[in-house]
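Examining the three-dimensional arrangement
So the chains spell out like this:
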Amino acid sequence: MATPCSSFEEIHRAGAARTGKLTLSHGTLSTPAFMPVGTAGSVKALDPRDIVATGAEMVLANTYHLWVRPGHKQIAKLGGLHRFMNWDGPILTDSGGFQIFSLKKFCKVTEEGCRFRSPLDGEWRFLSPELAIEIQETLGVDVAMVLDECIEWPADRERVQRSTQRTTRWLKRCIAARQAPSETAVFGIVQGGFYEDLRVEHAQEIRELQLDGFAIGGLSVGEPKEELLRMVEVAAPHLPRDKPRYLMGVGYPWDIVEAVSRGVDLFDCVLPTRSARFGGLFTSVGRINIKHARYKDDSNPLDPACTCYTCRSFSRAYLRHLFISGEALAPRLLTLHNLTFYQNLMKRLQEAIASGPESLESLRKEAWGWERRFGDSTPC
RNA sequence: GUGAGUGUAGCUCAGCUGGCAGAGCAUCGGAUUGUGAUUCCGAGGGUCGUGGGUUCAAGUCCCAUCACUCACC
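Residues numbered from 1 in each chain as written. Chains lettered and ligands numbered in written order. Predicted model: local features only at pLDDT ≥ 70, side-chain atom pairs only at ≥ 80, totals over all residues. Heavy atoms only, no water.

**Focus: the nonpolar core**
Soluble globular proteins tend to bury their nonpolar side chains together. Defined as follows: To define a nonpolar core, start from buried Ala, Val, Leu, Ile, Met, Phe, Trp, Tyr and Cys residues and group those joined through side-chain atoms within 4.5 Å. A 1.4 Å probe rolled over the protein chains alone gives each residue an accessible area, and that area as a share of the maximum for its type sets the label: buried under 20%, exposed over 50%, partly exposed in between. Only DSSP runs of H or I with at least four residues qualify as helices, and only runs of E with at least two residues qualify as strands; both kinds are numbered from the N terminus onward. For this analysis, residues touch if any pair of their heavy atoms sits within 4.5 Å.
Among the nonpolar cores identified, the biggest contains 98 residues, and Leu 81, Leu 92, Met 145, Tyr 246, Leu 247, Phe 267 and Leu 349 are the most heavily contacted of them. In terms of residue count, the dominant contributor to this core is helix 14 (residues 329–355) (nine residues). Residue contacts for Phe 267: discarding those within four places in its chain leaves Ala 33, Phe 34, Met 35, Tyr 246, Leu 247, Val 250, Ile 256, Ala 259, Val 260 and Met 346. Counting residues in hydrophobic clusters, the runner-up holds 16 residues, among them Leu 281, Leu 302, Leu 322 and Leu 333.

**Looking at the sheet that holds strand 13 (residues 245–247)**
Picture the strands of a sheet paired through backbone hydrogen bonds; they go either parallel or antiparallel. Definition in use: When DSSP finds two or more bridges between a pair of strands, those strands are recorded as paired. Every angle, taken between N-to-C directions, lies between 0 and 180 degrees, and every axis is a line fitted to C-alpha atoms, over only the stretch in contact when it is a helix.
If you walk across this open sheet you meet the eight strands as 4-14-13-12-11-10-6-5, and the pairing is parallel. The two strands at the open ends of the sheet, each matched to only one other strand, are strand 4 (33–36) and strand 5 (59–62). Across the sheet, the axes of successive neighbouring strands diverge by a mean angle of 25°, strand direction being ignored. One ladder, built from four bridges, connects strand 4 with strand 14 (residues 266–269); its direction is parallel.

**Here we look at the environment of Ser 313**
Using the following cut-off: In the analysis that follows, any N or O atom pair within 3.5 Å is treated as a polar contact, provided that within protein one partner can donate a hydrogen and the other can accept it, and provided that, for residues neighboring in sequence, both atoms belong to side chains.
Summarising the element assignment, Ser 313 is placed in helix 12 (residues 309–313). The class of Ser 313 is partly exposed, set by a relative accessible area of 36%. With 163 residues separating them in the primary sequence, Ser 313 and Cys 150 have C-alpha atoms 42 Å apart. Reaching out from Ser 313, the side chain makes a polar contact with the backbone oxygen of Tyr 309 at a distance of 2.6 Å.

**Here we look at the sheet that holds strand 7 (residues 107–109)**
Here three strands make up an open sheet; going across it, the order is 7-8-9 and the pairing antiparallel. With one partner strand each, in any of the chains shown, strand 7 and strand 9 (124–127) form the two edges of the open sheet. Neighbour-to-neighbour, the strand axes of the sheet open up by a mean angle of 20°, direction not taken into account.

**Some thoughts on the environment of Pro 224**
Within the element layout of this structure, Pro 224 appears in the loop between strand 12 (213–216) and helix 9 (225–235). Between the C-alpha atom of Pro 224 and that of Leu 131, which follows or precedes it by 93 residues, the distance is 34 Å.

**Considering the protein's contact with RNA strand B**
For clarity, the threshold we go by: Here a residue is near a molecule or strand as soon as one of its heavy atoms is found within 4 Å of it. Under the scheme applied, nonpolar residues are Ala, Val, Leu, Ile, Met, Phe, Trp, Tyr, Cys and Pro; charged residues are Asp, Glu, Lys and Arg; polar residues are all the others, including Gly.
With respect to spatial proximity, 41 residues lie near RNA strand B, and among them Phe 106, Cys 150, Ser 220, Val 270 and His 292 are the closest. In this structure, a phosphate oxygen belonging to RNA strand B sits 2.3 Å away from a main-chain N or O atom of Val 270. With respect to RNA strand B, the side chain of Arg 320 contributes an N or O atom lying 2.5 Å from a phosphate oxygen. Taken together, the elements giving at least two residues each to the surface near RNA strand B come down to strand 5, helix 5 (97–102), strand 14, helix 11 (271–277) and helix 13 (316–324). It is helix 11 that contributes the most residues to the surface near RNA strand B, five residues altogether. Within the surface near RNA strand B, the residues separate by chemical class into 17 nonpolar, 13 polar and eleven charged.

**Concerning unusual backbone geometry**
For residues that are not glycine, phi is negative in most cases, and the peptide bond is trans in most cases. In this chain, Arg 69 is followed by Pro 70 through a cis amide linkage whose omega measures 5°. As for its position among the elements, Pro 70 is in the loop between helix 2 (63–68) and helix 3 (72–77). A positive phi angle, near 55°, is found at Asn 86, a position not held by glycine. Residue position: Asn 86 is located in the loop between helix 4 (81–85) and strand 6 (91–94). The backbone of Ser 220 shows a phi angle near 60°, a positive value even though the residue is not glycine. Summarising the element assignment, Ser 220 is placed in the loop between strand 12 and helix 9.

None of this, on its own, says anything about what the molecule does.
Written out as structure tokens, the structure reads:
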């Protein structure tokens, strides 16, 4: 049963893929959609006008980071996260579950929750499922994620089972902790490691709970490439059709195309933003590293098929110069391009799905060609 | 002209009482999947100014020479 703050409507289908409309407190977006990552309340190197220009309709921020600094109460005092970062559209916050994985060295998980040693002041801070929800509701975000434990790969079956069961208990505590009337929807997260039966079991178990959407988590943690799509393929069919499906932290453009083909609606990933800051660009002609000397005299745009401000205005040679010189303009222009590439991909996916399975199939083939290393391999 | 100092990787420099030539930056390549990320990993690159000498062994000690820098005439 959905709360009034969130609704999802499926519009077109092509095989397992689908387009839809997701309505949240701060607006409606078309799916499949990609959310740029703005961990600390900022999509690194961009301002909100830039984010809008890329075509993004929704952004992701992080509970853990905003809790540690500047603090959710401080943000609430300043009018909530939307006003604080001057973003009018929907915001989803990750719960801090991924930090249990990525900050493993600095935290200790118990049944009660997770103790983190803050890198800022060395203080221990305790994040419980209840607090994770409280923080996200205090921030006033559109979608809160339940606190889960993101498990490392590889992990033995017993460890995965124990962890996933605890994630379920935490999930129920998150639901119980919700404020009755709230502008914040809550999404659950499917875990289960890389065991197909555990994935299915967990999906079936939590689909019965009162949640506004369902995420597939615990993927892209170092596993072999094929494993990711295998788990998506296994879990997605067991999630309700009338709720959005969100694949957390994924991924490369070709991963997204494949996941959409398997029924996923929502994505986020640091790759386009981080990669841009390190000089790596996604283009219609493949991946480009702007540092390479081969672009020194290249007066062509980054991506001849792209209409973003960066590609309309500057040459590869200039962008390389900016990057090599450490100019602040470089990360901005490159991030602008990568996010535009991702948003255009989502638009094309929506159009392809609306046109039917053959269009989607041809887009899948094209996407595999963008990755040089895997350009010759057959899509799974 | 006199005195002193400095010459080692593209650049800035380490290299102790002799023991297989080093770092940072730069260059080149790779990684990055719910951001601890302006990050991480790797590679190429030097006849140690030049010529002699001492020594089993010299970037290192000695002599000569060249270049540059500074100070004083």
